[in-house]
Every structure is written in structure tokens, then in C-alpha cells.
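As a plain string of letters, each chain reads:
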Amino acid sequence: MSRQLKIVCLVLIIFAMAVPAVLSPCTHALAEPEDDATLQMLDGKRIGVQTGTTFDAITKASLPNATIEYYNSYADLVEALTSSKIDGFPADEPVLQMIAAENPKIKILDDRLEEFDFGVIFPKTDEGSKLKREFDDWISKAKASGDLEKMRNEWITNPDEQKTIPDYKSFPAPKGTLTMATEGAYPPMNYYRDNQLVGLEVDLAASFCQDTGYGLELVPMNFDAILPAVQTGKADFAMAGITITEERKEGVLFSEPYYTGGTVVAILDRSKVGVGATSFFDGIAESFAKTFIRENRWHMFMEGVGVTLAITLLSIVLGTLLGFIVFLLCRNGGRISNGIRSACMWLIQGMPGVVLLMILYYIVFGSFSIGGVAVSVVGFTLTFGTTVFGLLKMGVGAVDVGQREAAYALGYSTRKTFFKIILPQAMPHIVAPYKGEVVNLIKATSIVGYIAVQDLTKMGDIVRSRTYEAFFPLIAITIIYFALEGLLGLLVSRIAITFDPKRRTKDEILKGVVTDD
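Cut-offs applied
Residues numbered from 1 in each chain as written. Predicted model: local features only at pLDDT ≥ 70, side-chain atom pairs only at ≥ 80, totals over all residues. Heavy atoms only, no water. Pairing = 2+ DSSP bridges. Helix = DSSP H or I, 4+ residues; strand = E, 2+ residues; numbered from the N terminus. Axes fitted to C-alpha atoms, helices over the stretch in contact; angles between N-to-C directions. Expected span 1.5 Å × (residues − 1). Buried < 20%, exposed > 50% of the residue type's maximum accessible area, 1.4 Å probe, protein only. Salt bridge = Lys/Arg side-chain N within 4 Å of Asp/Glu carboxyl O. pLDDT = per-residue confidence, 0-100. Patch = residues over 30% accessible without salt bridge, like charges linked within 9 Å, V, L, I, M, F, W, Y side chains within 5 Å. Areas by Shrake-Rupley, 256 points an atom, 1.4 Å probe, with all protein chains shown as cover. Parallel < 35°, antiparallel > 145°, perpendicular 65-115°, else oblique. Left-handed = near helix turned anticlockwise from the far one by under 90°. Contact = heavy atoms within 4.5 Å. Nonpolar A, V, L, I, M, F, W, Y, C, P; charged D, E, K, R; others polar. Core = buried A, V, L, I, M, F, W, Y, C linked by side-chain atoms within 4.5 Å. Phe/Tyr/Trp six-rings, centres within 6.5 Å; stacked < 30°, edge-to-face > 60°. Lys NZ or Arg CZ within 6 Å of the ring centre and 35° of its normal.

Strand order across the open sheet formed by three strands is β3-β13-β4, with antiparallel pairing between neighbours. With partners counted over all chains shown, the strands left at the sheet margins are β3 (89-92) and β4 (106-118), one partner each. The sheet shows a mean angle of 30 degrees between the axes of neighbouring strands, taken without regard to direction. Note: β3 against strand β13 (residues 259-268), four bridges, orientation antiparallel. Note on β13: the bridge partner recorded for Asp-92 is Thr-263.

With 13 residues, helix α7 (residues 200-212) ought to run about 18 Å at 1.5 Å a step, and its terminal C-alpha atoms sit 18 Å apart, in line with that. Every buried residue of α7 is listed here: Leu-200, Glu-201, Val-202, Asp-203, Leu-204, Ala-205, Ala-206, Ser-207, Phe-208 and Cys-209. Once α7 ends, the next one or two residues include Gly-213, with phi positive near 90 degrees.

To continue, consider the pattern of salt bridges. Here the structure, examined in full by the defined rule, presents 11 salt bridges. Note that Lys-132 and Asp-136 form a salt bridge whose closest N and O atoms lie 2.5 Å from each other. Here the residue Lys-132 and the residue Asp-136 both occupy positions in helix α5 (residues 126-145), the gap between them amounting to four residues, near one helical turn. Neither residue differs from the other here; Lys-132 and Asp-136 are each classed as buried. Here the salt bridges share partners, and the residues they tie into one network are Asp-76, Asp-461 and Arg-464.

The subject of this paragraph is the confidence of the model for the chain. Looking at the chain, the pLDDT average stands at 85 and 87% of residues meet or exceed 70. The lowest-confidence element of the chain is helix α1 (residues 3-28), averaging 50 in pLDDT; the highest-confidence one is strand β5 (residues 121-122), averaging 98.

Here we come to the sheet that holds strand β8 (residues 190-193). The sheet built from three strands is open, its strands ordered β7-β8-β9 with antiparallel pairing. Since the sheet does not close on itself, it has two edges, and those belong to β7 (185-186) and β9 (196-198), each with one partner.

Okay, a nonpolar patch on the surface next. Among the surface-exposed residues, Leu-314, Val-317, Leu-318, Leu-321, Ile-325 and Leu-329 lie close enough to one another that they form a single nonpolar patch of about 570 Å² accessible area. Among the secondary structure elements, Ile-325 is positioned in helix α11 (residues 298-330).

Now for unusual backbone geometry. With omega at 5 degrees, the peptide bond leading from Pro-187 into Pro-188 counts as cis. For Pro-188, the position within the fold is in the loop between β7 and β8.

When two helices pack together, their arrangement is captured by the angle between the axes and the distance separating the axes. Orientation of α11 relative to helix α17 (residues 456-467), taken along the N-to-C sense of each, is 155 degrees, at an axis distance of 7 Å. Judged by the angle between their axes, α11 and α17 are roughly antiparallel. Handedness of the crossing formed by α11 with α17: right-handed. In this structure, α11 contributes Met-300, Phe-301, Glu-303, Gly-304, Val-305 and Thr-308 to the contact, and α17 contributes Leu-456, Met-459, Gly-460, Ile-462 and Val-463. Its residues assigned to classes, the contact of α11 with α17 shows seven nonpolar, three polar and one charged.

Counting residues in each nonpolar core, the largest one holds 138 residues, and the members touching the most others are Phe-89 and Phe-237. Looking at this core, the element that brings in the most residues is helix α16 (residues 414-444), giving 11 residues. Apart from residues no more than four positions distant in its own chain, Phe-89 is found in contact with Ile-47, Gly-48, Tyr-74, Leu-77, Val-78, Leu-81, Leu-96, Val-264, Val-265 and Ala-266.

For Glu-485, the location among the structural elements is in helix α18 (residues 471-496). When neighbours within four sequence positions are excluded, Glu-485 is seen to be in contact with Val-439, Ile-442 and Lys-443.

Okay, helix α3 (residues 74-82) next. Working note: α-helix, 3.6 residues per turn, so residues spaced by three or four point in the same direction. Within α3, seven of the nine residues are buried, leaving the element largely enclosed by the surrounding structure. Every buried residue belonging to α3 is among Tyr-74, Ala-75, Leu-77, Val-78, Ala-80, Leu-81 and Thr-82, and all of these are buried. Positioned one or two residues after α3, Ser-84 has a phi angle of 65 degrees, which is positive.

All right, on to the packing of α11 against α16 then. Viewed as axis vectors pointing N to C, α11 and α16 meet at an angle of 150 degrees, and their least axial separation amounts to 13 Å. On the basis of the axis angle, α11 is roughly antiparallel to α16. Crossing of α11 against α16: the hand is right-handed. For the pair α11 and α16, the contacting residues are Thr-308, Thr-312, Ser-315, Ile-316, Thr-320, Phe-324, Phe-327 and Leu-328 in the first and Phe-418, Phe-419, Leu-423, Tyr-434, Val-438, Leu-441 and Ile-442 in the second. In terms of residue class, the contact of α11 with α16 is built from 11 nonpolar, four polar and no charged.

Okay, the environment of Phe-254 next. Relative to the helices and strands, Phe-254 resides in strand β12 (residues 253-254). Counting along the chain gives 132 residues from Phe-254 to Phe-122, while the straight-line C-alpha distance between them is 6.4 Å. In this structure Phe-254 touches Gly-119, Val-120, Ile-121, Lys-132, Ile-242, Thr-243, Ile-244, Thr-245, Arg-248 and Lys-249, once residues within four positions along its chain are discounted.

Each aromatic ring pair is specified by the distance between its two centres and by the angle formed by the two planes. Here the structure, examined in full by the defined rule, presents 26 aromatic pairs. Judged by centre distance (6.4 Å) and plane angle (80 degrees), the ring pair of Trp-155 and Tyr-191 falls under edge-to-face. Pair noted here: Trp-155 is in helix α6 (residues 147-157) and Tyr-191 is in strand β8, with a separation of 36 residues, a long-range link. Just as Trp-155 is buried, Tyr-191 falls in that class too. Linked through ring pairs, Phe-122, Phe-135, Trp-138, Phe-208, Tyr-214 and Phe-237 together constitute an aromatic cluster. One Lys or Arg, Lys-234, reaches over the ring of Tyr-361 and ends 4.7 Å from the middle of that ring.

So, in C-alpha cells, the structure goes:
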């Protein structure tokens with residue numbers, strides 16, 4: 001794709017996202033107010049729920065005729081509701097109160113779907129059972145002293161500037177460091193403020209570790225990845241607004257409840273849609289400030305860019321080496337070696353990227369202390385290596401067999417024939433599609449958030465979980481990806497010049513040839 005065409009596509013994407021932002025106040029301004037809205041009015045409507053939660057079962061129990069639609073985060077749910085893709089979504093009451101405070105178009109129904117208890121989850125192992133007993137004892141003492149109630153009130157009712165947590169990164173750890181899995185997008189339980197993970201659950205974990213002699217490491221990840229992370233030992237325990245249920249008890253251990261509340265439903269308050277609306281350009285300026293300036297959130301985007309580039313560049317280098325080495329080993333291989341290679345390539349190429357990463361993270365490396373970034377590099381090295389192997393096979397196959405026969409007739413060995421005669425002629429056929437695969441790879445890395453990696457896309461999701469706006473975070477991610485693709489494409493193009501015979505100088509062409517004989 002040419003650079004001009006990419007720019008046109010980017011402009012069209014921005015325009016397509018901006019038009020709904022401009023028209024939405026006008027679209028809903030004529031809607032009737034819903035001051036008398038009740039829970040039962042949503043029966044038969046479209047209800048959004050977060051993937052991995054129990055809200056789908058809770059919703060079906062109260063609204064049996066509702067259509068359930070699944071979303072990855074509350075930022076996605078808010079955007080779906082305000083754009084009328086769904087008619088409502090359930091959440092825990094304190095969470096919806098913070099969402100409604102940020103977005104006046106959100107209205108909370110008075111009726112509750114269900115009462116619930118939140119608990120800490122631990123693996124069903126001896127270490128998990130021991131840690132659960134320690135946490136239960138600590139929760140009991142915190143309830144008796146009133147500290148637990150004090151922390152709950154602080155995080156649910158107080159202004160943000162009055163909410164503090166212990167400096168868990170400086171804790172002495174005579175009993176070792178515990179790894180806690182959490183979401184990072186579920187205020188006031190767990191969320192990012194000033195580029196730091198905070199919230200009631202972070203405060204509870206830090207206070208427990210401080211009182212019991214543990215260090216603490218927080219690992220944010222998608223909600224639906226938290227239970228597998230605990231079950232496979234990737235995390236020692238987890239807190240992420242996890243409701244205690246009998247079904248979940250079959251797979252993990254639950255602590256005593258640390259929070260009891262109720263599930264409520266958010267709907268769109270159509271009487272407030274368009275009220276006090278600013279002009280389009282004022283809205284753009286406000287969104288820009290919320291996305292990048294407030295709390296220095298641009299730092300999060302830069303951190304995500306660094307992670308994305310690290311995974312991409314390492315995967316390109318290692319994948320290229322892997323594909324090249326496998327091609328050299330198998331190009332003259334027998335039936336057995338080629339059969340094994342074909343089976344491995346079929347397995348890797350036929351598996352969706354996110355499934356491959358999760359298998360590597362939770363199963364293959366489940367019992368090893370290997371982080372998500374390293375697993376991502378391994379996964380994309382495998383996929384890129386299979387691609388490089390295919391490109392080499394195609395490029396070498398495009399070279400006429402007579403070239404090889406002529407080289408053998410001149411006394412060249414098999415190795416020299418390949419490196420001196422075949423590969424240089426194959427490279428022009430390989431470089432162009434190789435450049436395209438490099439660009440595809442950097443886009444493919446956007447799925448690494450499923451295995452607790454905070455790449456560019458994941459950082460955008462975290463920012464959206466604080467602003468509850470889709471436009472600017474998504475546009476920022478799109479523009480950054482376009483820029484990264486352009487830089488990597490330019491780098492590959494510069495390297496490709498060295499393999500283009502039309503760009504070689506006379507001295508390079510005649511290198512090693514005697515011309516004055």
C-alpha cells in the first residue's frame with residue numbers, strides 16, 4: 001500500500017469516527033426522558049455485559065428475554081450504551097457511581113439485580129491454602145478494628161486526591177514477594193491514576209502485605225484472563241471485583257468477603273443527552289486534554305509504544321533467523337524431517353494468534369516464571385519464522401533450476417551455490433512480501449494484552465477505562481500504529497536496496513572479476 005493511500009485511509013477512519021461524535025447529540029436530542037424507567041422495561045432489550053463476569057447469568061435470571069452482548073471492558077460498554085448499540089449494562093454499584101460521575105448521560109436504575117460478595121481468589125494448592133488462611137485472618141482483624149470499613153469508605157466516597165495507598169514497591173519482603181493479578185480498569189476497585197495502579201483492592205493487598213511481611217507485585221490483565229492466571233500459578237492471588245460463586249469455587253479458593261454490595265443497571269438518560277453540549281471543536285480539545293494531558297497519560301502511550309516496538313523488533317530478528325535456519329536444514333531434507341516441519345508449520349499457521357499466545361503463557365510456560373513480554377516474543381517468533389520460511393521457499397523456487405546446474409558444472413559446492421548464486425537471485429522476490437509481513441506483524445501484536453502485556457493497544461484501553469471515551473484514545477492508537485508501520489517499512493526498504501541488482505554500482509557488480517586480463 002502506498003504512503004498516499006495510507007494517509008487517505010487514515011483520514012477516512014478519523015472522519016468515520018468523528019461523524020458519530022458530531023451527530024450523536026442531534027440524534028438523541030428528540031428522545032423522550034426516561035425518569036420513570038424501571039428494570040423490567042429492559043426485558044427483551046439488548047444488555048451488554050463484560051466478558052468473564054457473572055453478569056450474564058444474573059441478567060438472564062432477572063431479564064429472561066434480554067439479548068446478551070459481550071464486551072471486553074467497561075469503557076467499551078459505556079461507548080456502546082452512549083452510541084445506542086445496547087440499551088443497558090449491569091455493574092457493581094460503586095463502579096457505576098464513578099462511571100456516572102464521569103459521564104452525565106449515564107443513569108443508574110434504582111432496582112438491584114442481585115446482592116454479591118467480593119472475595120480474593122487463590123490457587124487450589126498447599127501454598128494457596130496457606131495464603132488464604134493468612135488473608136482470612138487479616139480480613140477478620142481489619143473488620144474488627146474498623147480499618148476495612150475505613151478503607152472502603154475512603155475509596156468509594158472520598159475525592160480522588162484524598163485516596164492514598166502504601167508504597168508497596170518499597171516493602172521489605174522477608175517472606176517473599178506475592179504476585180497479584182488484577183484488571184486495572186475497574187474503579188474504584190482497581191484503576192490507573194497518575195500512571196499508577198490504585199484502588200480499594202490495591203490498598204487492601206498492599207496493607208495485607210505490609211502487615212504480614214510480603215512484598216507485592218501487581219500484574220494487570222484482561223478480566224477473563226485472571227482466573228486462568230491464578231489456576232496456573234502465574235499469580236499468587238487475584239482481586240478484581242470477583243464475585244464469590246459456587247461454580248468458581250470449583251476451580252479456585254475464595255477468601256472471606258472483603259466487600260458486599262449490589263448489582264445495578266446503567267441506562268442512557270436521554271433527557272440529558274445534548275444538554276450543555278459543547279461545540280465539536282471544543283469537545284475535541286476537551287477529549288484531547290482528558291486523553292493525553294490529564295494525569296500525564298501521554299506517558300502511558302509512550303510506554304505502550306516501547307513495549308510494542310520491543311516485541312515487534314525482537315520477533316522480526318529472531319523469526320527471520322528461525323525461518324532461515326529451518327529452511328537451510330530442511331531444503332534438502334528427507335521425508336521424515338520435512339513431515340515434522342510441515343506439521344509444526346501447519347499447527348502454528350492454523351492457530352489463531354491469541355490462542356497460540358494463551359497456550360504458550362498458561363500451558364507450555366505455565367509452570368515457569370516467564371513474563372508476558374517474553375512469551376509474546378516466543379509466540380510471534382514462531383509465527384514470523386513460518387512466514388519467513390514460506391517466503392524463502394517461494395523466492396528460491398522462482399530461480400531457474402539451470403542456475404543451480406550451471407554452478408555445479410563450474411565446480412561450486414552445494415553451500416556456495418546456494419549463497420553465491422541462488423540466494424542473491426531469490427532476494428528480490430522475497431523483500432517486497434517480507435516488508436508487508438513486517439507491517440502485519442506490528443499490527444498483530446495488539447492481542448498481547450490477553451497475556452498481561454501492557455502494549456500500545458492495552459494502554460489505550462486503560463486510558464479509555466478512565467475517560468470513558470473511545471474517539472481520542474482509538475484515534476491516537478491508530479495514528480501511532482500508522483507511524484510505526486511507516487518507520488519499519490522505511491527501514492526494510494532501505495535494507496532492500498542492498499539486494500536490488502539494479503541499484504548496484506559497476507564496482508559492486510564486477511567485484512572479484514578480473515577485468516584487465
